[in-house]
Amino acid sequence: MHAWLCENPTGLDSVQWKELPTPQPKAGEVLIEIKAASLNFPDILIVQNKYQFKPPPPFVPGSEYAGIVAAVGEGVTHLKPGQGVACLTGTGGFATHAIAPAALCMPLPQGFPFADAAAFIMTYATSHHALLDRGQLKAGETALVLGAAGGVGTAAIQIAKVAGARVVAAASSDEKCELCKAQGADIAINYSQGNLRDAIKEATGGKGPDVIYDPVGGEFAEPAFRSIAWRGRYLVVGFAAGPIPSLPLNLPLLKGAAIVGVFWGDFSRREPKANAAMMAELAGWYAQGKIKPVIDRQMPMAELKAAYERMGSRAVKGKLVLVN
Ligand SMILES: NC(=O)c1ccc[n+]([C@@H]2O[C@H](COP(=O)([O-])OP(=O)(O)OC[C@H]3O[C@@H](n4cnc5c(N)ncnc54)[C@H](OP(=O)(O)O)[C@@H]3O)[C@@H](O)[C@H]2O)c1
């Protein structure tokens, strides 16, 4: 097998394409022949030693992937060689093969393309858990999605529309705004121009959004929070812009509003039944054509460094997928 190996996580250049012995699955594990792996933002943080989860080096980055079961370890009964699966294991995906715990593999229904499967779990699970569980978004309410043309952002637009909400998308270019509208956003704000508060006020008839979905942080968090509706819910999803913003605590008091943390990874571990029910609902929505990953482009696995560069420079629209 071949894999992008990171021996010392000092930056985006610290990975090397290496030939490694193909491992055999131990009890409870499966060997997967990887067909597609998607990039999530943590994949660029992990090789810079900036992510909260720090795997001991050497490690193979690549949190999420899909492929074919090549071999199963002892005790694995619900998966068999030849079966298509999607998997989110945190590492291992930027390779031709990976070992994964069988319990973390989602069997794929017939006809589920590997690129969609590799781009599905992290973004849709995060946005569903954020908007519908933590944010209690209801039909008829307005959701503002920041970084709306990114991976979790495009999933958030689609899920908020399935929930019957009005969606205001915000992104950094007119091209990204157009993509957000094509995904169902009712209004899109280009936040690299003009005053964000004025634009939100205009987009919501002065009322403000009921739910704000924020995977970006940085300089937009405070003006966005200042625009929130009475009883609004501000979802802290991530900090793609880098700095972790601070908010004066009088702001939630004045709006009767809530600042709500979202940590889908821990939710899936602490509340596995609720997570499984949520994943089943998402798979149903996919089968009904209500949601579908936006694939920015597919690139050969060998082009990981160019893919990192594309994501780091904010060029990706939706999800970038590497294929074998
Ligand atoms: N809490 C959770 O459970 C959870 C789960 C998954 C992901 N996350 C977090 O969600 C965030 C987004 O992840 P993602 O995979 O959707 O990433 P992504 O596809 O790269 O989207 C992030 C968006 O952030 C915006 N952005 C603003 N400043 C940026 C900068 N300096 N560098 C890069 N992007 C910047 C970009 O949109 P514009 O150019 O339009 O501003 C970009 O589209 C990450 O922080 C990730 O860690 C959290």
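Bear in mind the structure is a predicted one, so any value in this text is a computation, not a measurement.

**Student:** Is there a simple way to explain the environment of Ala165 in this structure?
**Tutor:** Within the secondary structure, Ala165 sits in the loop between helix 4 (151-162) and strand 9 (166-171). Distance in space between the C-alpha atoms of Ala165 and Ala241 is 26 Å, their sequence separation being 76 residues. Filtering out sequence-adjacent residues up to four positions away, Ala165 remains in contact with Leu137, Lys138, Ala139, Gly140, Glu141, Ala160 and Asp186.

**Student:** Can you walk me through unusual backbone geometry in this structure?
**Tutor:** When glycine is set aside, most residues are seen to have a negative phi, and most peptide bonds are trans. Cis geometry is adopted by the peptide bond preceding Pro58, which originates at Pro57 and carries an omega value of 0°. Here Pro58 is to be found in the loop between helix 1 (41-46) and strand 4 (64-72). The backbone of Asn49 sits at a positive phi, close to 60°, despite the residue not being glycine. With respect to the helices and strands, Asn49 occurs in the loop between helix 1 and strand 4. Of note, Arg231 is a non-glycine position whose phi angle comes to about 65°, a positive value. Among the structural elements, Arg231 can be located in the loop between helix 7 (221-226) and strand 12 (233-236).

**Student:** Please explain the layout of surface pockets as it appears in this structure.
**Tutor:** Take a probe with the size of a water molecule and roll it over the atoms, and the empty space left behind shows itself. Empty space within the second largest pocket amounts to approximately 310 Å³. Forming the walls of the second largest pocket are 17 residues, and the residues nearest its centre are Val60, Thr91, Gly92, Ala98 and Ile99. Examining the composition of the lining of the second largest pocket, we find that 3 residues originate from one element, strand 6 (residues 97-101), more than from any other. Of the residues assigned to the lining of the second largest pocket, the class counts are 13 nonpolar, 4 polar and no charged.

**Student:** Teacher, can you tell me more about the packing of helix 3 (residues 121-134) against helix 10 (residues 272-287) here?
**Tutor:** Helix-helix packing: each pair is described by the crossing angle between the helix axes and the interaxial distance. Direction vectors running N to C along helix 3 and helix 10 enclose 110°, while the axes themselves pass 10 Å from each other. When the axes of helix 3 and helix 10 are compared, the pair comes out roughly perpendicular. The element helix 3 and its partner helix 10 pack so that their crossing is right-handed. From helix 3, Ile121, Tyr124, Ala125, His128, His129 and Leu132 reach across to helix 10, where they touch Met278, Met279, Glu281, Leu282 and Trp285. Here the contact of helix 3 with helix 10 is built from residues that sort into 8 nonpolar, 2 polar and 1 charged.

Parameters at a glance
- Residues numbered from 1 in each chain as written.
- Predicted model: local features only at pLDDT ≥ 70, side-chain atom pairs only at ≥ 80, totals over all residues.
- Heavy atoms only, no water.
- Helix = DSSP H or I, 4+ residues; strand = E, 2+ residues; numbered from the N terminus.
- Contact = heavy atoms within 4.5 Å.
- 1 Å grid on protein atoms, 1.4 Å probe; cavity = no way out; pocket = protein on both sides within 12 Å on 5 of 7 lines; lining within 4 Å.
- Points joined across faces, edges and corners; volume = space filled by probe spheres on them.
- Nonpolar A, V, L, I, M, F, W, Y, C, P; charged D, E, K, R; others polar.
- Axes fitted to C-alpha atoms, helices over the stretch in contact; angles between N-to-C directions.
- Parallel < 35°, antiparallel > 145°, perpendicular 65-115°, else oblique.
- Left-handed = near helix turned anticlockwise from the far one by under 90°.

Everything listed is a geometric property; what it means functionally is a separate question.
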